[in-house]
Amino acid sequence: MTDPTPRPAVRVRALRRVFGDRAVLDSLRLDIARGEFVALLGASGSGKTTLLRILGALDGADGGEVLVPEARTVVFQEPRLVPSKKVLANVTVALPRGRSAHGLRALAEVGLERHADAWPATLSGGEAQRVALARALVREPELLLLDEPFAALDALTRLKMQDLVGELCRKHRPAVLLVTHDVDEAVRLADRVAVLRDGRLITDEPVTVDRPRDPGDPAFGALRRRLLDDLGVEAAPHHPSNAPERTEVGVI
Ligand SMILES: Nc1ncnc2c1ncn2[C@@H]1O[C@H](COP(=O)(O)OP(=O)(O)OP(=O)(O)O)[C@@H](O)[C@H]1O
Ligand SMILES: [Mg+2]
C-alpha cells in the first residue's frame, strides 16, 4: 500500500533566526517534497543564505522546527575546490577511499572526465563550478542546497549550467533548494518558486509554465512580472532579441 502522505525531504515550521535585534527569519514555514525543485528569491540581505545554511546544518536556529535528510550537500557561489588536490581528488574528497570510479562517473556527467588529472587552478570559472557540482552529486544527496551557484559566471555559461543542473536534477531526483537573484533562472528551472521577504515566504507557488520553458511564453512573462512585483522590483520589458536575458534584483 502506498503512503498517502509521503515524508517530505524538508519540513520547516516557525523558524526563527535573530542577529542582534533583527529577526532575519521569523515564523518561516517551508516544505520541500522528495525530488522537488524549489527556487528561493529575495532581495539582498533578506535571509536566503541564512535559511540555506540552517538547512545545511552550517548554522543553528533560534526557534522552530527544521527537519532535513541526513544526505545533503551545498554548492556555493564560488567552487571552493582544494587547490592542492587534483580535480578527481576534489570530487571524491568526502567519499571513502577507493571511489575513483564514482568520481569519474560524476565528472563525466558534468562533461569534465578529461580534466580528472588537472589542477583546479587550470580550470575556467564554469569548469570549476561544474567540478563543485560533481562533488555535490557524487554523494547522492537527498537534498541539494544551491546558493547562487551560477552568479559568478558569464551569461552564456550560466545558461548552459542551468540546463546541466536541470538535467542532472531530473536524473538524480534530489530535493533542491536553489537560492538565486535571477527571476528567469528560477522560473526556468523550478517546480515551485518562493519569495523571502520580512523573514518569511510571502510567495510560495508551483510553476505551471510548460516545459521546455521559454522566456517568451506569456505564462512565463506573467509569472516573472508577479515575482518581480513581490520582490518590489519594476519589471523591465522583455527583449527576446537581446538573449540571453537576466532579470536581477537590486540591492536595497
Ligand atoms: N553571522 C551573522 N552575524 C550577524 N548578522 C548576520 C550574520 N549572517 C547574516 N547576517 C545578517 O542577516 C541578514 C541576512 O543575510 P543573508 O546572508 O542570509 O542574506 P541573503 O538574502 O543571502 O543576501 P544576498 O542576496 O546578498 O546573498 C543580513 O542583514 C546579514 O547582515
Ligand atoms: Mg546570500
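If you're wondering where the values come from, they're calculated on a predicted model, not measured in any experiment.

Undergrad: For the packing of aromatic side chains, give the residues involved together with the corresponding values.
TA: One pass over the structure, following the stated rule, counts 0 aromatic pairs. Above the plane of the ring of Phe76 lies Arg80, whose end atom (NZ or CZ) is 3.7 Å from the centre.

Undergrad: Break down the pattern of salt bridges for me, citing the residues and quoting the values.
TA: Taken as a whole, this structure holds 17 salt bridges when the rule is applied. The residue Glu36 makes a salt bridge to Arg192 at a minimum N-O spacing of 2.8 Å. You can see Glu36 sitting in the loop between strand S2 (22–32) and strand S3 (37–41) and its partner Arg192 sitting in strand S8 (residues 192–197), a full 156 residues away along the chain. Classification of Glu36 as buried rests on a relative accessible area of 15%. Judged by relative accessible area, which is 13%, Arg192 ranks as buried. For Asp204, the salt bridge identified is with Arg192, shortest N-O distance 2.8 Å. One end of the pair, Asp204, is in strand S9 (residues 200–206); the other, Arg192, is in strand S8, with 12 residues separating them in the sequence. The class of Asp204 is partly exposed, set by a relative accessible area of 37%. Bridged by salt links that share partners, the residues Arg17, Asp59 and Asp62 form one connected network.

Undergrad: An account of helix H4 (residues 125–137) is requested, with residue identities and associated values reported.
TA: Helix length check: H4, at 13 residues, gives a terminal C-alpha distance of 19 Å against a target of 18 Å (1.5 Å per residue), a fit within 8%. Counting buried residues in H4 gives 11 out of 13 residues, a clear majority hidden from the surface. Considered for burial, the residues of H4 that qualify are Gly126, Glu127, Ala128, Gln129, Val131, Ala132, Leu133, Ala134, Arg135, Ala136 and Leu137. On its buried face, H4 sits against strand S5 (72–75), helix H2 (87–91), helix H3 (100–109), strand S6 (143–147) and helix H5 (155–172).

Undergrad: Give me the sheet that holds strand S1 (residues 10–19): which residues, what numbers.
TA: Strands sit in the order S2-S1-S4 across an open sheet of 3 strands; the sheet is antiparallel. One side of each edge strand has no neighbouring strand; the edge strands of this open sheet are S2 and strand S4 (63–67). Strand-to-strand, the axes of this sheet are offset by a mean angle of 25°, without reference to chain direction. Two strands pair when backbone bridges link them, and S1 and S2 are joined in this way by 7 bridges, in the antiparallel orientation. The partner of Arg11 across the bridge, within S2, is Asp31.

Undergrad: Give me the site of ligand 1: which residues, what numbers.
TA: In the neighbourhood of ligand 1, 13 residues make up the surrounding shell, with Ser44, Gly45, Lys48, Thr49 and Thr50 lying closest. Separating an oxygen atom of ligand 1 from a side-chain N or O atom of Arg22 is a distance of 2.9 Å. Within the complex, 57% of the 630 Å² of free accessible area of ligand 1 lies under protein. Counting residues per element, the ones that place at least two in the shell around ligand 1 are S2 and helix H1 (48–55). It is H1 that provides the largest number of residues to the shell around ligand 1, a total of 3 residues.

Undergrad: Any details on the packing of H4 against H5? Residues and values, ideally.
TA: Contact geometry for H4 and H5: axes closest at 11 Å, N-to-C directions at 15°. Classed by the angle they form, the pair H4 and H5 counts as roughly parallel. Between H4 and H5 the crossing geometry is right-handed. Across the interface between the two elements, Gly126, Gln129, Arg130, Leu133 and Leu137 of H4 pack against Thr157, Met161, Leu164, Val165 and Leu168 of H5. Partitioning the contact of H4 with H5 into residue classes produces 6 nonpolar, 3 polar and 1 charged.

Undergrad: Requested: an account of the domain arrangement of the chain, with residues and values cited.
TA: What the domain assignment lists for the chain is domain 1 (1–71 + 141–234 + 244–252) and domain 2 (84–140). The distance between the C-alpha centroids of domain 1 and domain 2 comes to 25 Å. With 13 residues of domain 1 at the contact, the number on the domain 2 side is 11 residues. Buried surface at the junction of domain 1 and domain 2, both sides included, amounts to about 1000 Å², of which 74% is carbon and sulfur. Among the residues domain 1 hides against domain 2, the three largest losses belong to Pro141, Met161 and Leu168. Together they make up 41% of the total. Run the count over domain 1 and domain 2 and you get 1 salt bridge. For Lys171, the salt bridge identified is with Glu109, shortest N-O distance 2.3 Å. Inspection of the domain 1/domain 2 interface yields 3 residue pairs in polar contact (both at pLDDT 80 or more). It is H5 that provides the largest number of residues to the side of domain 1 that touches domain 2, a total of 7 residues.

Cut-offs used in this document
Residues numbered from 1 in each chain as written. Chains lettered and ligands numbered in written order. Predicted model: local features only at pLDDT ≥ 70, side-chain atom pairs only at ≥ 80, totals over all residues. Heavy atoms only, no water. Phe/Tyr/Trp six-rings, centres within 6.5 Å; stacked < 30°, edge-to-face > 60°. Lys NZ or Arg CZ within 6 Å of the ring centre and 35° of its normal. Salt bridge = Lys/Arg side-chain N within 4 Å of Asp/Glu carboxyl O. Helix = DSSP H or I, 4+ residues; strand = E, 2+ residues; numbered from the N terminus. Buried < 20%, exposed > 50% of the residue type's maximum accessible area, 1.4 Å probe, protein only. Expected span 1.5 Å × (residues − 1). Contact = heavy atoms within 4.5 Å. Pairing = 2+ DSSP bridges. Axes fitted to C-alpha atoms, helices over the stretch in contact; angles between N-to-C directions. Near = heavy atom within 4 Å. Polar contact = N/O pair within 3.5 Å; in protein donor to acceptor, adjacent residues only side chain to side chain. Areas by Shrake-Rupley, 256 points an atom, 1.4 Å probe, with all protein chains shown as cover. Parallel < 35°, antiparallel > 145°, perpendicular 65-115°, else oblique. Left-handed = near helix turned anticlockwise from the far one by under 90°. Nonpolar A, V, L, I, M, F, W, Y, C, P; charged D, E, K, R; others polar. Domains from an automatic or database assignment. Buried area = accessible area lost by both parts, 1.4 Å probe.

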